[in-house]
Amino acid sequence: MAKPLPPLVRLHLTGLRLLLVFTVICGIAYPLLITGIGQLILPGQANGSQVKLDGQVVGSSLLGQNFTLRRIDPKAPSVPDPRWFQPRPSAAGNSGYDPTASGASNLGPNDTGLTRTVQARRIAIALFDGVKPSSVPPDAVTGSGSGLDPDISPAYAYEQVNRVAHSRRLPAAEVRALVAEHVDGRVLGFLGQQRVNVVALNLALARLG
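Residues numbered from 1 in each chain as written. Predicted model: local features only at pLDDT ≥ 70, side-chain atom pairs only at ≥ 80, totals over all residues. Heavy atoms only, no water.

**Student:** Explain the overall build of the protein chain here, please?
**Tutor:** Counting its secondary structure elements, the protein chain contains seven helices and five strands. For the protein chain, the succession of helices and strands along the chain, N to C, is α-α-β-β-α-β-α-α-α-β-β-α. In terms of overall size, the protein chain is more extended than a compact globule, its C-alpha atoms giving a radius of gyration of 25 Å where 209 residues would be expected to give roughly 17 Å. Its C-alpha atoms give the protein chain principal-axis dimensions of roughly 95 × 45 × 45 Å. (Helix = DSSP H or I, 4+ residues; strand = E, 2+ residues; numbered from the N terminus. Rg over C-alpha atoms; globule rule 2.2 N^0.38 Å.)

**Student:** Could you clarify how one ought to interpret a nonpolar patch on the surface in this entry?
**Tutor:** Taken together, the side chains of Y30, L33, I34, I37, L40, I41 and L42 make up a nonpolar region of the molecular surface, amounting to roughly 740 Å² of accessible area. Within the secondary structure, L42 is located in the loop between α1 (7-41) and α2 (43-46). (Patch = residues over 30% accessible without salt bridge, like charges linked within 9 Å, V, L, I, M, F, W, Y side chains within 5 Å. Areas by Shrake-Rupley, 256 points an atom, 1.4 Å probe, with all protein chains shown as cover. Salt bridge = Lys/Arg side-chain N within 4 Å of Asp/Glu carboxyl O.)

**Student:** What am I meant to see in the packing of aromatic side chains here?
**Tutor:** The geometry of two aromatic rings is summed up by the distance between their centres and the angle between their planes. Inspection of every chain in the model, using the stated rule, returns one aromatic pair. Pairing F67 with W84 gives two aromatic rings, centres 6.1 Å apart and planes at 35 degrees, and the pair type is tilted. One end of the pair, F67, is in the loop between β2 (56-60) and α3 (112-129); the other, W84, is in the loop between β2 and α3, and 17 residues separate them in sequence. Judged by its relative accessible area of 12%, F67 falls in the buried class. For W84, a relative accessible area of 18% corresponds to the buried category. In this arrangement the basic side chain of R168 is found over the ring face of W84, its NZ or CZ atom lying 4.2 Å from the centre. (Phe/Tyr/Trp six-rings, centres within 6.5 Å; stacked < 30°, edge-to-face > 60°. Buried < 20%, exposed > 50% of the residue type's maximum accessible area, 1.4 Å probe, protein only. Lys NZ or Arg CZ within 6 Å of the ring centre and 35° of its normal.)

**Student:** So what exactly am I meant to see when it comes to the packing of helix α5 (residues 161-168) against helix α6 (residues 172-181) here?
**Tutor:** Axes are the key here: two packed helices are described by the angle between their axes and the distance separating the axes. Contact pair α5 / α6: the axes reach a minimum separation of 9 Å and the direction vectors enclose 125 degrees. Taken together, α5 and α6 sit at an angle that is classed as oblique. Handedness of the α5/α6 crossing: right-handed. Every residue of α6 that contacts α5 at V161, N162, V164 and A165 is listed here: A172, V175, R176 and V179. (Axes fitted to C-alpha atoms, helices over the stretch in contact; angles between N-to-C directions. Parallel < 35°, antiparallel > 145°, perpendicular 65-115°, else oblique. Left-handed = near helix turned anticlockwise from the far one by under 90°. Contact = heavy atoms within 4.5 Å.)

**Student:** Would you mind showing me how to read the sheet that holds strand β3 (residues 151-152) here?
**Tutor:** In any sheet, the strands associate via hydrogen bonds between backbone groups, in a parallel or an antiparallel arrangement. Spatially, three strands are ordered β3-β5-β4 in an open sheet, and the strand pairing comes out antiparallel. At either margin of the open sheet sits one strand with a lone partner, and together these are β3 and β4 (183-184). Where helix α7 (residues 198-208) meets the sheet, it contacts β3 and β5 (195-197), and its direction lies at approximately 55 degrees from that of β5. (Pairing = 2+ DSSP bridges.)

**Student:** Even after reading the chapter, I still don't get the nonpolar core, so can you show me in this structure?
**Tutor:** In a soluble, globular protein the nonpolar side chains are often hidden away together inside. By size, the foremost hydrophobic cluster in this structure holds 24 residues, and its most contacted members are F85, V175 and L205. For this core, the elements supplying multiple residues, two or more each, are α3, α4 (154-159), α5, α6 and α7. Setting aside anything within four residues of it in sequence, one finds L205 in contact with R83, W84, F85, V164, R168, L170 and L178. (Core = buried A, V, L, I, M, F, W, Y, C linked by side-chain atoms within 4.5 Å.)

**Student:** Please clarify how unusual backbone geometry should be interpreted in this entry.
**Tutor:** Excluding glycine, a negative phi dihedral is what most residues carry, and trans is how most peptide bonds are arranged. Non-glycine residue R169 carries a positive phi angle of around 55 degrees. Residue position: R169 is located in the loop between α5 and α6. Here R169 falls in the exposed class, since its relative accessible area comes to 81%.

Written out as structure tokens, the structure reads:
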């Protein structure tokens, strides 16, 4: 008759078996099950809400992105492209809308550095869009809490219409109508504010010509 294992060894073996069982259940079976359900019911959302142009993935409807002129020198500062609608600023700094650098600035309304930054942005955007500084909406000069928000207010989208239309030599009325088509209402009719997804809007603009 085999000699029984010491209690401490039996305890460790029991713990090891439980670890293996729950690793298979929680680390393999459950993720595969949820992934399969997601691919079956909501494949678009499960794959990151990708948006495509001419069959190529160009972004995600959940993440903002920069629309800048092509730089010859990668160390040079990025310059916004007047042919595209521009998103709100990202607190991620030079990394732009990099998901690995998500986060807010954590600066309060009384912070002098934030005040100067907002004022500088207001002047730059007014010059870029050809409007008065007082016409620049708040979301054009402040980042979102995550720094990755792809949405802007309808006011900021409409403010950019003339600049985009002029750069693309399109009728302003046609570009304005395109913005109107992309204004999303409040969630469930009462949550949040109206918004315009810049990625989706620029994708429609690219298809327009």
